[in-house]
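Chain by chain, the residues:
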Amino acid sequence: MLENSIFALLALFLMIGAMMVIWSRETILSAFGFLVAMLAIAGLFALLDNSFLFLAQIMVTAGAVVVLSLMVVTSINLKEENLPKEPYKFRWIVVSSILVAPFGLLIYRSLISLHKSFAEVSSGYGGLEMVGDRLFTDWVLPFEIVSVLLLAAMLAAIVIARKEIRDDS
Amino acid sequence: MTPEPLFAISTLLFCIGLVGIISRRNLFVTYISIELMLSAVNLLLATFSRLHGDSAGSVMVLLMIAVIAAEAALFLAIIIQLARSKKSIDSDEFSQLQQPRESL
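What you see is a predicted model; the values in this text were computed from it and never measured.

Novice: Kindly report on the interface of chain A and chain B, identifying the contributing residues and their values.
Specialist: It is common to give the size of an interface as the accessible area lost on bringing the parts into contact. Counting from both sides, the interface comprises 81 residues of chain A and, opposite them, 72 residues of chain B. For the pair chain A and chain B, the number of links is two salt bridges. Among the salt bridges present, the one from Arg-50 of chain B reaches Asp-49 of chain A, with a minimum N-O distance of 3.0 Å. At the junction of chain A with chain B, the criterion picks out eleven residue pairs in polar contact (both at pLDDT 80 or more).

Here it is as structure tokens:
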């Protein structure tokens, strides 16, 4: 019972955050909606007995990615007149919702056809020890590939975002 | 607790992200919508991990979180670069790579 009410609360927050992202005109409000949604997802991870993912979500996504996004929004500092003109935004949102709805229904129907009840889990499930054990035995190669990917992304971000140095001579 | 509400909420989140990408022209909203779609997949993976009592799903979510971080760094760098060159984040402004109309 308590579990269900916590789930309902988190789902409400998740939907409010996601709707804020796509409805609001101000970019900073979108970023705050993003923060709310990421925190709600962290809560859902905790509800799924996944304490390690809860920590990782809080630290990486809610901590680093959202803060970086907020910093970019405030440092770009777009004025009202520089925001994109979107006179038909609500009409677009309604039309694309209608277009996307059958697709979502398809996903949902195919997911519930896989329905199982939750398995009884062992006591260490979702903890740091079990995930780390799995990560460094069966998933070592993807882990190494991800570290190369992060290095490449870091280099590319530096190269793309730096100012062009003009040589006037 | 049954898994259906979790399936429903991750499907809804994915669809909201897709609607955001289709309907908005603000590049920043496009970026956050992509993040929302990735997070919906994360939530689904965690649900299936819990359904089967198998920690491989959790490991996949962990790797996905790393990919999300890499994607965020790249996309934000691109947004900064575009905003600096055009003073705007309207996705219609950025057509440097488009072929000129007359040569089509």
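Novice: Just give me the short version of the pattern of salt bridges, but keep the residues and values in it.
Specialist: Counted according to the given criterion, the structure contains five salt bridges over all chains. Notably, a salt bridge pairs Asp-138 of chain A with Arg-134 of chain A, separated by 2.9 Å at the nearest N-O pair. Since its relative accessible area comes to 52%, Asp-138 of chain A is described here as exposed. Judged by relative accessible area, Arg-134 of chain A falls into the partly exposed class, the value being 23%. Overlapping salt bridges bring together Arg-134 and Asp-138 of chain A together with Asp-54 of chain B as one network.

About the thresholds
Residues numbered from 1 in each chain as written. Chains lettered and ligands numbered in written order. Predicted model: local features only at pLDDT ≥ 70, side-chain atom pairs only at ≥ 80, totals over all residues. Heavy atoms only, no water. Contact = heavy atoms within 4.5 Å. Salt bridge = Lys/Arg side-chain N within 4 Å of Asp/Glu carboxyl O. Polar contact = N/O pair within 3.5 Å; in protein donor to acceptor, adjacent residues only side chain to side chain. Buried < 20%, exposed > 50% of the residue type's maximum accessible area, 1.4 Å probe, protein only.

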